[in-house]
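Each chain is listed here by its residues.
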Amino acid sequence: MTLVCNDPARFTEDMLAGFLDANARYVVGVPGGVVRAHKTRPGKVAVVIGGGSGHYPAFCGTVGPGFADGAVVGNVFTSPSAEEAASVARAAHSDAGVLLTTGNYAGDVMNFNLAVEQLRGEGIDAHYFAVTDDVASAPRGEEAKRRGIAGDFTVFKCASAAAEEGLDLAGVVRVAEAANAATRTLGVAFDGCTLPGADAPLFTVPAGRMGVGLGIHGEPGVAEEEMPTAAGLARTLVDGVLGDRPEAPERRIAVILNGLGRTKYEELFVLWGEVSRLLRDRGYTIVEPEVAELVTSLDMAGCSLTVMWLDEELERYWTAPADTPAYRKGVSAIAAPVGEARSRHDVETAAAPVALAEKADDDGRTGGRLVARALTAMATMLADAETELGRIDAVAGDGDHGRGMVKGSAAARDAAAAAVDAGAGQGSVLIAAGKEWAAKAGGTSGVLWGALLTALGTRLGDTGTPDATTIAAGMRAGYDALIRLGGAAPGDKTMLDALLPLVETLEQRAAHGDTWTEAWRAAAEVATEAARATAELRPRVGRARPLAERSVGTPDAGATSLAMCARTVADCFTYITQGDS
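Since this is a predicted model, take the numbers as computed values, not measurements.

Conventions and cut-offs
- Residues numbered from 1 in each chain as written.
- Predicted model: local features only at pLDDT ≥ 70, side-chain atom pairs only at ≥ 80, totals over all residues.
- Heavy atoms only, no water.
- Axes fitted to C-alpha atoms, helices over the stretch in contact; angles between N-to-C directions.
- Helix = DSSP H or I, 4+ residues; strand = E, 2+ residues; numbered from the N terminus.
- Left-handed = near helix turned anticlockwise from the far one by under 90°.
- Contact = heavy atoms within 4.5 Å.
- Nonpolar A, V, L, I, M, F, W, Y, C, P; charged D, E, K, R; others polar.
- Buried < 20%, exposed > 50% of the residue type's maximum accessible area, 1.4 Å probe, protein only.
- UniProt positions renumbered as here; feature names shortened; annotations may be inferred.
- 1 Å grid on protein atoms, 1.4 Å probe; cavity = no way out; pocket = protein on both sides within 12 Å on 5 of 7 lines; lining within 4 Å.
- Points joined across faces, edges and corners; volume = space filled by probe spheres on them.
- Domains from an automatic or database assignment.
- Lys, Arg positive; Asp, Glu negative; His and termini not counted.
- Salt bridge = Lys/Arg side-chain N within 4 Å of Asp/Glu carboxyl O.
- Polar contact = N/O pair within 3.5 Å; in protein donor to acceptor, adjacent residues only side chain to side chain.
- Buried area = accessible area lost by both parts, 1.4 Å probe.
- Core = buried A, V, L, I, M, F, W, Y, C linked by side-chain atoms within 4.5 Å.
- pLDDT = per-residue confidence, 0-100.
- Pairing = 2+ DSSP bridges.

## Some details on the packing of helix H13 (residues 443-460) against helix H14 (residues 468-486)
Next, step 1: Contact geometry for H13 and H14: axes closest at 8 Å, N-to-C directions at 145°. Crossing of H13 over H14 shows right-handed handedness. Taking contact as the criterion, the partners of Val 447, Leu 448, Ala 451, Leu 452, Ala 455, Leu 456, Arg 459 and Leu 460 in H13 are, on H14, Thr 470, Ile 471, Ala 473, Gly 474, Met 475, Ala 477, Gly 478, Tyr 479, Ala 481, Leu 482 and Leu 485.
Next, step 2: Here the contact of H13 with H14 is composed, by residue class, of 15 nonpolar, three polar and one charged.

Written as structure tokens, this is what we have:
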């Protein structure tokens, strides 16, 4: 259990403050994460890694010479926002472009791709790459669907070394792709991890059993087996990884035996003795292995085995020197940092400029106040529902949905209030709320809710009073934005399964002449029933997909929270239309 904290909701912020103070020689903080303490030298590609917290020393612990130029730091087990990713990349960039890379999780993929679009719009050559090393999360032939777990480390290390050597952006991307194609990982869990402030783990493993094929965000394994001896566990890991080996002739391999947070180093060394013997018996030469905690999962008990098949180029990058807060290799070969130290001005200007709100008329400002009131009601409701939403999400996911929704809605509430104080209309209030929801919640739900509110706000505008047809069109625009971003479809067991019925009912009732409040209440009821019906679906995308059968019988957390928000808005505006303004 994670015992040392102040306010659990600020665990990441407090952790990052301490990390920066303890490692000022290596890193400085910028909005969204950390970058090297010295500027990226001219002509060098910047490599920016990232993801949610809870995995230390990944990601911020490996920023330094020979490794990453920056790390985007999200909340625990939650993707950073697009704004945060763009901010760190902007600060790390020199003049040769930037590679942004994460594990293959929906929230990371959406947010970092959005950041790349933003950076390119600013004239920065940017590229995104997702690591897919987890053999348990999708079968051979569907490698693009696999998660990125401890194999993140080998890919990030090789790409960073290539950038340090002077390859251009295309070359660094090529090395990342080659390292990923050559890397395989399998993990096991002996017990689950506990989020800061929580009183129970995200999942448990029965005594005498182990979960095979775990995720690193608190997802349980895809199967359970009897807990073996160290020799038996070594066979499970080695057979699982080598059984999915790439079509490559190489017999030289980089190997990581990775602890997940609670498995002691002495235990890892016992296991390594068995693993290394098996690998050598099968004809492999092990090159500079790592037996350590490199990609953790808070306090999870367990471990993973990563193998990267080495050609001459990948071996050169794997063995290249690095000097970071938590990982050092051949440091005597690393020269003193090149480039001037970053100033306070560099840090303060890393964030993107804030756009001004559009001019509103009186009707639009009235609409802005009503939108802010609805967002306040949603934030209050979600705070009360956090535990239940987390419980639903933990059945086949990582259990962070409730916390993410609370952080996102609270940020949206505050942003809406600030926009109202500035005289914004309903459109700008929604856009401001969406931006902050995405920035503070992170993860898949953060970027999707941010896109939904932004699309709705763009359609409503800041002048006049929107009618039912306009609001229905705005929600349709939001739905279309989520389809483009998420790569999901109705029936995949996501929030879309509640959102589409909501939108369709709004459109139907608006066409029949209902007021928007009447249409919304009817649509909220339909969305609620649709969310309940997701219990019978099997997830086809996202973190829950590897545990599809386990999720049957439990409704989707995203669909549930969307329906709850729709009902809250209906109740809020029913109250307003009954006499409160």
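## Digging into unusual backbone geometry
Next, step 1: For the peptide bond that leads from Tyr 56 to Pro 57, omega is 15°, which places it in the cis range.
Next, step 2: By secondary structure assignment, the location of Pro 57 is in the loop between strand S3 (46-53) and strand S4 (70-76).
Next, step 3: Cis peptide bonds are those with omega within 30 degrees of zero, and the linkage from Ala 58 to Phe 59 qualifies with 15°.
Next, step 4: Its location among the elements puts Phe 59 in the loop between S3 and S4.
Next, step 5: A positive phi angle, near 45°, is found at Glu 288, a position not held by glycine.
Next, step 6: For Glu 288, a relative accessible area of 38% corresponds to the partly exposed category.

## A short note on the UniProt feature "domain: DhaK" (unreviewed entry) in the protein
Next, step 1: Look at the UniProt record and you will see "domain: DhaK" (unreviewed entry) annotated at residues 7-327.
Next, step 2: Span residues 7-327 is 32% helix and 24% strand, its end C-alpha atoms 29 Å apart.

## Quick word on empty space enclosed by the protein
Next, step 1: Using the criterion set out here, one finds four cavities of 30 Å³ or more in the structure.
Next, step 2: If you go around the largest cavity, you meet 15 residues; those closest to its centre are Thr 12, Asn 75, Val 76, Arg 403 and Lys 407.
Next, step 3: Those elements that provide at least two residues to the lining of the largest cavity are helix H1 (11-22), S4 and helix H11 (401-421).
Next, step 4: For the lining of the largest cavity, the residue count by class is six nonpolar, four polar and five charged.
Next, step 5: If you count residues domain by domain, the lining of the largest cavity takes at least three from each of domain 1 (1-131 + 321-352) and domain 3 (362-572).
Next, step 6: Empty space within the second largest cavity amounts to approximately 50 Å³.
Next, step 7: If you go around the second largest cavity, the residues you meet are Gly 50, Gly 51, Gly 52, His 55, Phe 59, Gly 103, Tyr 105, Asp 108, Asp 152, Ile 216 and His 217.
Next, step 8: Here the element with the most residues in the lining of the second largest cavity is S3; it accounts for three residues.
Next, step 9: When grouped by side-chain class, the residues that make up the lining of the second largest cavity number three nonpolar, six polar and two charged.

## What to know about the side chain of Asp 462
Next, step 1: For Asp 462, the location among the structural elements is in the loop between H13 and H14.
Next, step 2: An unpaired buried charge is present at Asp 462: no salt bridge exists, and Arg 365, the closest side chain of opposite charge, is 8.7 Å distant.
Next, step 3: For Asp 462, the side chain forms a polar contact with the main-chain nitrogen of Gly 427, separated by 3.0 Å.
Next, step 4: Of the polar contacts made by the side chain of Asp 462, one reaches the side chain of Ser 428; its length is 2.6 Å.

## Details of the pattern of salt bridges
Next, step 1: Going through the model one piece at a time under the given rule, you end up with 31 salt bridges.
Next, step 2: Note that Arg 521 and Asp 571 form a salt bridge whose closest N and O atoms lie 2.9 Å from each other. Taken together, the residues Arg 521 in helix H16 (residues 516-533) and Asp 571 in helix H18 (residues 557-577) connect sequence positions 50 residues apart.
Next, step 3: Judged by relative accessible area, which is 46%, Asp 571 ranks as partly exposed.

## Some thoughts on the domain arrangement of the protein
Next, step 1: Splitting the protein by domain gives domain 1 (1-131 + 321-352), domain 2 (166-311) and domain 3 (362-572).
Next, step 2: One C-alpha centre belongs to domain 1, the other to domain 2; they are set 24 Å apart.
Next, step 3: Listed as interface residues are 26 residues of domain 1 and, on the opposing side, 29 residues of domain 2.
Next, step 4: Roughly 2300 Å² of surface becomes buried between domain 1 and domain 2 when both sides are summed, with 66% attributable to carbon and sulfur atoms.
Next, step 5: In this structure, the connection of domain 1 to domain 2 is made through two salt bridges.
Next, step 6: Along the contact surface separating domain 1 from domain 2 lie seven residue pairs in polar contact (both at pLDDT 80 or more).

## Examining the nonpolar core
Next, step 1: In this structure, Val 34, Val 172, Leu 305, Met 308 and Trp 318 are the most contacted members of the largest nonpolar core, which totals 94 residues.
Next, step 2: A per-element tally of this core places helix H4 (residues 151-165) first, with eight residues.
Next, step 3: Residues from two domains meet in this core; each of domain 1 (1-131 + 321-352) and domain 2 (166-311) gives at least three.
Next, step 4: Those residues in contact with Trp 318, other than ones at most four positions away along the chain, are Phe 153, Thr 154, Lys 157, Cys 158, Ala 254, Ile 256, Val 287, Glu 288, Glu 290, Met 308, Leu 310 and Lys 329.
Next, step 5: Met 405, Val 447, Ala 488 and Ala 519 belong to the second largest nonpolar core, which has 60 residues in total.

## Side note on the confidence of the model for the protein
Next, step 1: The predicted model of the protein averages 90 in pLDDT, with 92% of residues at 70 or higher.
Next, step 2: Note on residues 352-356: pLDDT under 50 across the span, and five contacts to partners over four residues away in sequence or across chains.

## As for the sheet that holds strand S1 (residues 27-30)
Next, step 1: Strand order in the open sheet formed by six strands is S1-S2-S4-S3-S5-S6, and the pairing between neighbours is mixed. The sheet terminates laterally at S1 and strand S6 (126-131), the two strands that pair on one side only. Each neighbouring strand pair of the sheet contributes to a mean axis angle of 25°, computed without reference to strand direction.
Next, step 2: The sheet contact formed by strand S5 (residues 98-103) and S6 spans six bridges and is parallel. The residue bridging Leu 99 from the neighbouring strand is His 127, located in S6.

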